[in-house]
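Summary of structural features
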Amino acid sequence: MVTTFGMSEIGPWSFVDGSQSGDVIMRMTARNSMSEKLAEDIDAAVKRLSDRAYEIALSQIRNNREAIDKIVEVLLEKETMSGDEFRAILSEFVEIPAENRVPPAVPAPLSVSA
């Protein structure tokens, strides 16, 4: 996000050539071609993003612990769960945003033959 899309306070620049593959050697070469200060700034920006994401995840776990425990209980029993099952359990504890709701399946009408 920081070096490819410029999503940080460093600026809206991409430090990776779009034609470069994502392979480790290419990333190491790109890193060696930048200043130590810029590399430190990128590392700090990545750390801030990572720390913020961790805090958000931790907050979500704390705020939704009861729902998570119920989901874990079902997964330990069944090992898998559909999206509909997940949303049904989650909706017992929190309001699911409209854009994430899936309308219940409507059964097809039975045809009666004469």
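Before going into details, it helps to say that this report is about the structure given with it. (Residues numbered from 1 in each chain as written. Predicted model: local features only at pLDDT ≥ 70, side-chain atom pairs only at ≥ 80, totals over all residues. Heavy atoms only, no water.)

Some points on the nonpolar core
Soluble globular proteins: nonpolar side chains tend toward being buried together. Let me state the cut-off plainly: By convention a nonpolar core is built from buried Ala, Val, Leu, Ile, Met, Phe, Trp, Tyr and Cys residues, the set being connected through side-chain atoms within 4.5 Å. The buried label goes to any residue with under 20% of its type's maximum accessible area, the exposed label to any with over 50%, and the partly exposed label to all in between, with areas taken from a 1.4 Å probe on protein chains only. The way it works is that DSSP assigns letters per residue, a run of H or I at least four long becomes a helix, a run of E at least two long becomes a strand, and they are numbered from the N terminus. Contacts: residue pairs with any heavy atoms within 4.5 Å of one another.
The biggest cluster of nonpolar side chains holds seven residues, and these are Ala67, Ile71, Val74, Met81, Ile89, Leu90 and Ile96. Elements supplying a minimum of two residues to this core: helix H3 (65–78) and helix H4 (83–91). What Ile71 contacts, discounting residues up to four positions off in sequence, is Met81, Phe86, Ile89 and Leu90.

Thoughts on the pattern of salt bridges
To keep things clear, this is the line we draw: Any carboxyl oxygen of Asp or Glu that lies within 4 Å of a side-chain nitrogen of Lys or Arg is treated as forming a salt bridge with it.
Using the criterion set out here, one finds six salt bridges in the structure. One salt bridge in this structure joins Asp51 and Lys47, with 2.9 Å as the shortest N-O distance. Highlighted residues: Asp51 and Lys47, both in helix H2 (residues 36–63), separated by four residues, approximately one helical turn. Taking relative accessible area as the criterion, Asp51 reaches 36% and is therefore assigned partly exposed. Among the salt bridges present, the one from Asp84 reaches Arg87, with a minimum N-O distance of 3.1 Å. One end of the pair is Asp84 and the other is Arg87, both in helix H4 and three residues apart, which spans about a single turn.

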